[in-house]
Protein chains: 2
Amino acid sequence: MRSAEFNKEQVLRAAMTAFMEKGYAKTSMQDLKAVTGLHPGSIYCAFQNKRGLLLAALEQYNRDRGEELQGLFSQHTSARAGLAAYMTHVVDECVSCDPQKLCLTQKALNELAEQDEEAQAILSEQCAMWRNALCSVFERIAEQGELTGTRSPLDRARSLIVSIYGLRTFAHTHPEPQVMRDLGTQILKDVCQ
Amino acid sequence: MRSAEFNKEQVLRAAMTAFMEKGYAKTSMQDLKAVTGLHPGSIYCAFQNKRGLLLAALEQYNRDRGEELQGLFSQHTSARAGLAAYMTHVVDECVSCDPQKLCLTQKALNELAEQDEEAQAILSEQCAMWRNALCSVFERIAEQGELTGTRSPLDRARSLIVSIYGLRTFAHTHPEPQVMRDLGTQILKDVCQ
DNA sequence: TCATATCTTGAATAAGCATTCAAAAACTAA
DNA sequence: TTAGTTTTTGAATGCTTATTCAAGATATGA
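Criteria and cut-off values
Each chain has its residues counted from 1, running along the sequence as written. The naming scheme follows written order: chains are lettered A onward, ligands numbered 1 onward. Two thresholds apply to this predicted model, a pLDDT of at least 70 for residue-level local features and 80 or more for giving and counting side-chain atom pairs, whereas whole-chain, interface and lining totals are computed over all residues. As a rule here, side-chain values come from all non-hydrogen atoms in the structure, and water together with hydrogens is ignored. Under the scheme used here, helices are H or I runs from DSSP no shorter than 4 residues and strands are E runs no shorter than 2 residues, and both carry numbers assigned from the N terminus. Buried means the residue's accessible area, taken with a 1.4 Å probe over protein chains only, is under 20% of the maximum for its type, while exposed means over 50%, and partly exposed covers the values in between. Throughout, a contact is declared for two residues whenever any of their heavy atoms are within 4.5 Å. All accessible-area figures derive from a Shrake-Rupley calculation using a 1.4 Å probe, and residue coverage is judged against the displayed protein chains alone. Within this scheme the basic residues Lys and Arg register as positive and the acidic residues Asp and Glu register as negative, but His and the chain ends are omitted. Working definition for charges: the position is that of NZ of Lys, CZ of Arg, CG of Asp or CD of Glu. Think of a nonpolar core as a cluster: buried Ala, Val, Leu, Ile, Met, Phe, Trp, Tyr and Cys residues, connected wherever their side-chain atoms sit within 4.5 Å. Least-squares superposition of the copies uses the C-alpha atoms of those residues scoring a pLDDT of at least 70 in each of them. Only the stretch in contact is used when a helix axis is fitted, and all axes are lines through C-alpha atoms; the angle between N-to-C directions ranges over 0 to 180 degrees. Here roughly perpendicular refers to angles of 65 to 115 degrees, roughly parallel to angles under 35, roughly antiparallel to angles over 145, and oblique to all remaining angles. Classification convention: Asp, Glu, Lys, Arg as charged; Ala, Val, Leu, Ile, Met, Phe, Trp, Tyr, Cys, Pro as nonpolar; all other residues, Gly among them, as polar. Here the expected length of a helix is defined as 1.5 Å per residue gap, with one fewer gap than residues. Nitrogen and oxygen atoms within 3.5 Å of one another constitute a polar contact, given that in protein one can donate a hydrogen and the other can accept it, and given that sequence-neighbouring residues count only through two side-chain atoms. UniProt positions are given in the numbering used here, feature names are shortened, and annotations may be inferred rather than shown by experiment. Aromatic rings from Phe, Tyr and Trp, taking only the six-membered ring of Trp, are treated as a pair when their centres fall within 6.5 Å; an angle between ring planes under 30 degrees marks them as stacked, one over 60 as edge-to-face, and anything in between as tilted. Remark: a charge is flagged as sitting over a ring if the NZ atom of Lys or the CZ atom of Arg is within 6 Å of the ring centre and within 35 degrees of the ring normal. Any cysteine sulfur atom paired with another within 2.5 Å is treated as part of a disulfide. Computed with a 1.4 Å rolling probe, the buried area is the accessible surface lost when two parts are put together, summed over both parts. Salt bridges are defined by distance alone: a side-chain nitrogen of Lys or Arg within 4 Å of a carboxyl oxygen of Asp or Glu.

A. Expanded view of the overall build of chain A. Along chain A, the regular secondary structure elements total 9 helices and 0 strands. From first element to last, N terminus to C terminus, chain A shows the α and β order α-α-α-α-α-α-α-α-α. Along the first, second and third principal axes, the C-alpha atoms of chain A reach 60 × 40 × 30 Å. Out of the 193 residues in chain A, the part that is buried amounts to 49%. For chain A, long-range pairs separated by at least 24 residues make up 68% of all intrachain contacts whose partners lie at least 6 apart in sequence. Per element, the accessible surface of chain A, about 9100 Å² overall, is 49% carbon and sulfur. When the 21 basic and 24 acidic side-chain charges of chain A are each reduced to a single mean position, those positions are 2 Å apart.

B. Region of interest: the nonpolar core. Ranked by internal contacts, the top residues of the largest apolar core, which has 122 residues, are Leu83 of chain A together with Leu83 of chain B. Residues in contact with Leu83 of chain A, not counting those within four places in the same chain, are Phe73, Val137, Phe138, Ile141, Leu160, Leu188, Val191 and Cys192 of chain A.

C. Representation of the relation of the copies chain B and chain A within the structure. Once chain B has been moved 0.0 Å along the axis and rotated by 180°, it coincides with chain A to within an RMSD of 0.0 Å. Such values leave the two copies arranged in the relation of a two-fold axis. For chain B, the residue whose C-alpha comes nearest the rotation axis is Gly166 of chain B, separated from it by 1.9 Å. Taken together, the interface assignments show that 100% of the residues at the interface of chain B recur at the interface of chain A, consistent with an identical surface on both copies.

D. Examining the packing of helix α4 (residues 50-74) of chain A against helix α7 (residues 117-143) of chain A more closely. Residues and elements named next belong to chain A. Running from N to C, α4 and α7 cross one another at 5°; their axes reach a closest spacing of 11 Å. When the axis of α4 is compared with that of α7, the two are roughly parallel. Within the contact between the two elements, α4 uses Arg51, Leu55, Leu58, Glu59, Asn62, Leu69 and Phe73 and α7 uses Glu118, Ala119, Ile122, Leu123, Gln126, Met129, Trp130, Ala133 and Val137. When the residues that make up the contact of α4 with α7 are grouped by side-chain class, the tally is 11 nonpolar, 2 polar and 3 charged.

E. Quick peek at the environment of Asn132 of chain A. Inspection of the secondary structure puts Asn132 of chain A in helix α7. Considering only alpha carbons, one finds Asn132 of chain A and Arg158 of chain A, 26 residues apart in sequence, at a separation of 9.2 Å.

F. Expanded view of helix α7 (residues 117-143) of chain B. Here α7 of chain B spans 39 Å end to end across 27 residues, near enough to the 39 Å set by a 1.5 Å rise per residue. The complete set of buried residues in α7 of chain B reads Ala119, Gln120, Ile122, Leu123, Gln126, Cys127, Trp130, Leu134, Cys135, Val137, Phe138 and Ile141 of chain B. On its buried face, α7 of chain B is in contact with α8 (153-171) of chain A together with α4 (50-74), α5 (79-96), α6 (104-112), α8 (153-171) and α9 (177-192) of chain B. By the N-cap criterion, in which a side-chain oxygen at the helix start approaches the backbone nitrogen of a residue two or three places on, α7 of chain B is capped by Asp116 of chain B, the distance to Glu118 of chain B being 3.1 Å.

G. Summary view of the UniProt feature "DNA-binding region" (unreviewed entry) in chain A. Look at the UniProt record and you will see "DNA-binding region" (unreviewed entry) annotated at residues 28-47 of chain A. Between the first and last C-alpha atoms of residues 28-47 of chain A the distance is 15 Å; the span itself is 80% helix and 0% strand.

H. Geometry of the UniProt feature "domain: HTH tetR-type" (unreviewed entry) in chain A. As annotated by UniProt and renumbered to match this structure, "domain: HTH tetR-type" (unreviewed entry) occupies residues 5-65 of chain A. Helix makes up 77% of residues 5-65 of chain A and strand 0%, and the two end C-alpha atoms of the span are 26 Å apart.

I. Quick look at the packing of aromatic side chains. All names here are of chain A. Applying the stated criterion across every chain yields a total of 6 aromatic pairs over all chains. For the pair Phe19 and Tyr24, a centre-to-centre distance of 5.8 Å together with 40° between the ring planes defines the contact as tilted. You can call Phe19 buried: its relative accessible area is 1%. Looking at Tyr24, the relative accessible area reads 13%, which means it is buried. Over the ring of Tyr24 we find Lys50, and its NZ or CZ is 4.5 Å from the ring centre.

J. Inspection of the state of the cysteines at higher detail. All names here are of chain B. Applying the stated criterion across every chain yields a total of 0 disulfides over all chains. Summary of cysteine pairing: Cys127 is not part of a disulfide, and the nearest cysteine sulfur, belonging to Cys103, is at 9.7 Å. Cysteine Cys135 shares no disulfide, and the gap to the nearest cysteine sulfur, in Cys127, comes to 13 Å. Assessed through its relative accessible area of 11%, Cys135 is described here as buried.

K. Structural detail: the interface of chain B and chain A. With 39 residues of chain B in contact, the opposing surface of chain A contributes 39 residues. Between chain B and chain A lies a buried interface of about 3500 Å² when both sides are counted; carbon and sulfur atoms form 61% of it. When the buried surface of chain B facing chain A is broken down by residue, Asn110, Val162 and His172 of chain B rank first, second and third, together holding 18% of it. Scanning the region where chain B abuts chain A turns up 0 salt bridges. Applying the counting criterion to the chain B and chain A interface returns 12 residue pairs in polar contact (both at pLDDT 80 or more). Every element with two or more residues in the side of chain B that touches chain A is listed here: α1 (8-22), α6, α7, α8 and α9 of chain B. Here the side of chain B that touches chain A gets 10 residues from one element, more than from any other, and that element is α8 of chain B. Residues belonging to the side of chain B that touches chain A are distributed by class as follows: 16 nonpolar, 14 polar and 9 charged.

L. Just helix α5 (residues 79-96) of chain A, in detail. All names here are of chain A. For α5, with 18 residues, the first-to-last C-alpha span of 26 Å sits near the 26 Å given by 1.5 Å per residue. Buried residues of α5: Ala79, Gly82, Leu83, Tyr86, Met87, Val90, Val91, Glu93 and Cys94, and no others. Tucked inside the fold, the buried residues of α5 contact α4, α7, α8 and α9 (177-192). Cys97 sits one or two positions beyond α5 and adopts a positive phi of about 60°.

Structure below.
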């Protein structure tokens, strides 16, 4: 007889940034109350508990990143050019040192994979979706004849994911932006070879 | 007039495993008391506080891994063979799914880099040490004439670190062991090319 | 306009946390 | 043996935490 006042996506995006900046364990309900504008009761009503809010935020983050990736690639007719733009985007995020541009999937994977089976299952599936998306990209690049070597698109997708995870971790030590850009270029070269 | 009863290295190694399994935030003083066998007072006397224990554990971990790496390479006259053995070792750790074989440096980097400047500084320096060690390895491989291409040893060292970070993160999604081994092989190939 | 169902509010709860401290124990040197 | 110093011990402290819940507010349907 009465619908909720808050916008669920908006709340989840606010929660996402809090979890990205502080990590799951260090983000308190008080923090979440502050960033979402929701009182504890409402959070518990809508998401069960703090963990439920995290799991919902993980799903929202994955949807958002999926759309972002699709939008980025739709701007390029050449799949290879799309991949280069994607790599540049990732490197820019790394170089920005903005805690809100960390990858929540990766952050959660590192914090929770060994502790929370359900979270791990969600993250594994999200990783698989990402891998499949990149696999399609490599298939398109292959069709357009811009791939050297004999590696399968799936292998290449996996290698690219590994490299992007690594790049994001490496960025925590604040290397020079030029170093990050060079690493990005090299990754692209290796993965298309 | 009285020396401490506990062995500092032993205590730090116990703390290391606790931090690796649960992360810093979720490891309670009670956990640390349990794994180290030390009462709170002793921990605070020896390491100031929980954070001090973490920083000391990080240093110990770095020393241990440095020796491990040196030991591994000293078993091979060919630097290239040493590198292959090192890669196999990392892949085996990833495949084992043993939380105690996670890399504490990487775990701490992901959890604390944006939150604790001092920890970040320590971790950055450790990363630099690791980079330098791998750089020397690539210099030796180059001297032995087993390197294709024109990339500098430093670039190669950085790429390898990125790949290993990525491999460890990727492993949290439990890919098949054969996939992990193939990724390791590909990384070696790319980095020596 | 009123009844009803639902959401919002925020104080209360209880458990867990890092940290402190004073008393007890134990090693060392004389 | 004894005095002196340091470590060990673990209960106490005060704070923070996630979660609950009952009262109040508000939109909807009759």
